[in-house]
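Spelled out from the first residue to the last, the chains are:
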Amino acid sequence: MSRPVRLAINGASGRMGQALLGLLKEDPAFRLDYAVVAPGSESDGASVFPGPSDALRYAHDWSQAPALDVVVDFSGPEALAAALDYCLANGTALVTGTTGIDSALEARLEGACEHIAVLRAANFSLGVTMLTRLLREAAAAFPAWDLEIVEAHHGHKQDAPSGTALALGHAAAAARNIDLATAAVYSREGRPGERVDGSIGFAVVRGGDIVGEHHALLIGKGERIELSHRATDRSVFARGALQAAQWLHGRSAGSWQLDDVL
Ligand code: NAD
C-alpha cells in the first residue's frame, strides 16, 4: 500500500479548515503534518487533535513547515500568497478554494502552474462538477432551447446570483459559443417583454438554512430537461478538496481542474 499523503491545511481554524480536520482524523490516506492559522489567532500554538497524542499544534509560520506532498488552502488572499511561496520553494502541490483573489495573485497562481501542480475550484462539490459537465453537454446539444438557472441559498448569503450559478452560466454559454455577459438576464420585473432567444436567465431564492441548490432548466417545445444539484451538508466541499488532494499528489506541474478528478 502507498504511504499516506503528507498534508498541510492552510486556514485550519476556519469553517472549512475545521471541516477538513474532522474528515482527516479518520482518513488513513492522509497524514496531517502542518496546520496553519493567522498570526495572532487564538488557536495558534494550541493542540490540533487534543488527546494522548497531541503532538501537532496550530502554527502560523511557513518557514517552520516540514516536507509536504500537498497543501490544501481555504483561507484568505494574504494567507494563500504565503502558502504559495512555500509550495513554489519546495515543489509542493497546491489545492485551493480561497475566493476574492485580486488580479496580481491570480497572475502569480497562473505563473506557479508552470512549476508546481495547482488545482483550484470555486466550488469543491464533485456533484456540482458533474452538473456542470452535464449542462455543458445538454446546452451544446440543444442550442435553441431556452436556458434558465435557478439557485437557492440560506438567508445570510450576501452575493447573488451565487458564484456557482454564474460558473454554470459561463459553462453553458461557452458550450454554445456565446458570451454570458451579453446573454445573461439577471432580473425581470414590470414589463420586461418577451424572452429574448439565446438569453440565459437567472433566478434567486433566499431563505432558512438552505446550504445550496442549483437547477438548470433547458426548455424546449413540449418538453424540458431539469438538471439539479442540492448540497445538504457543507462537508461536501471538504470531501471534494481531499479527493482533489489525493488525486493531485504526484501529478506534474500544471493548472488542474476538479473536472479532471472526475
Ligand atoms: P473562515 O474565515 O472561517 O476561515 C479563514 C481561515 O484563514 C482561518 O483559519 C484564519 O485563521 C486563516 N487566515 C486568515 N488570514 C490569515 C493569514 N494572514 N495567514 C494565515 N492564515 C490566515 O473562512 P472559511 O469559511 O473557512 O472560507 C475560507 C475561504 O474558502 C474563503 O475564501 C471562502 O470563500 C472559500 N470557500 C471556498 C469553497 C469552495 O468550495 N471553493 C467552499 C467554502 C469556502
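Residues numbered from 1 in each chain as written. Predicted model: local features only at pLDDT ≥ 70, side-chain atom pairs only at ≥ 80, totals over all residues. Heavy atoms only, no water.

Visitor: Can you help me understand the domain arrangement of the protein chain in this one?
Guide: By convention, interface size is frequently given as the accessible area that disappears when the constituent parts associate. Split by domain assignment, the protein chain resolves into domain 1 (5-120 + 235-261) and domain 2 (126-231). Look at where the C-alpha atoms of domain 1 and domain 2 centre, and you get two points 31 Å apart. Of the residues lining the interface, 5 residues belong to domain 1; the matching set on domain 2 comes to 4 residues. Interface of domain 1 and domain 2: buried area, both sides summed, is about 510 Å²; carbon and sulfur atoms make up 60% of it. Seen at the junction of domain 1 and domain 2, the total is 1 salt bridge. Note that Arg133 and Asp259 form a salt bridge whose closest N and O atoms lie 3.1 Å from each other. Listed by contribution, the elements that provide at least two residues to the side of domain 1 that touches domain 2 are helix H7 (235-248) and helix H8 (258-261). (Domains from an automatic or database assignment. Contact = heavy atoms within 4.5 Å. Buried area = accessible area lost by both parts, 1.4 Å probe. Salt bridge = Lys/Arg side-chain N within 4 Å of Asp/Glu carboxyl O. Helix = DSSP H or I, 4+ residues; strand = E, 2+ residues; numbered from the N terminus.)

Visitor: What is the right way to look at the side chain of His153 in this model?
Guide: Here His153 is to be found in strand E6 (residues 146-153). Setting aside residues up to four positions removed in sequence, His153 forms contacts with Ser162, Val205, Arg206, Gly207, Ile210, Val211, Gly212 and His214.

Visitor: Just to check I follow, could you spell out the packing of aromatic side chains for this structure?
Guide: Each aromatic ring pair is specified by the distance between its two centres and by the angle formed by the two planes. Tallied over the full model, the rule gives 6 aromatic pairs. Taken together, a centroid distance of 4.2 Å and an interplanar angle of 15 degrees make the contact between Phe142 and Trp145 stacked. The exposure class assigned to Trp145 is buried, which follows from its relative accessible area of 13%. One aromatic cluster in this structure is built from Tyr34, Trp62 and Tyr86. (Phe/Tyr/Trp six-rings, centres within 6.5 Å; stacked < 30°, edge-to-face > 60°. Buried < 20%, exposed > 50% of the residue type's maximum accessible area, 1.4 Å probe, protein only.)

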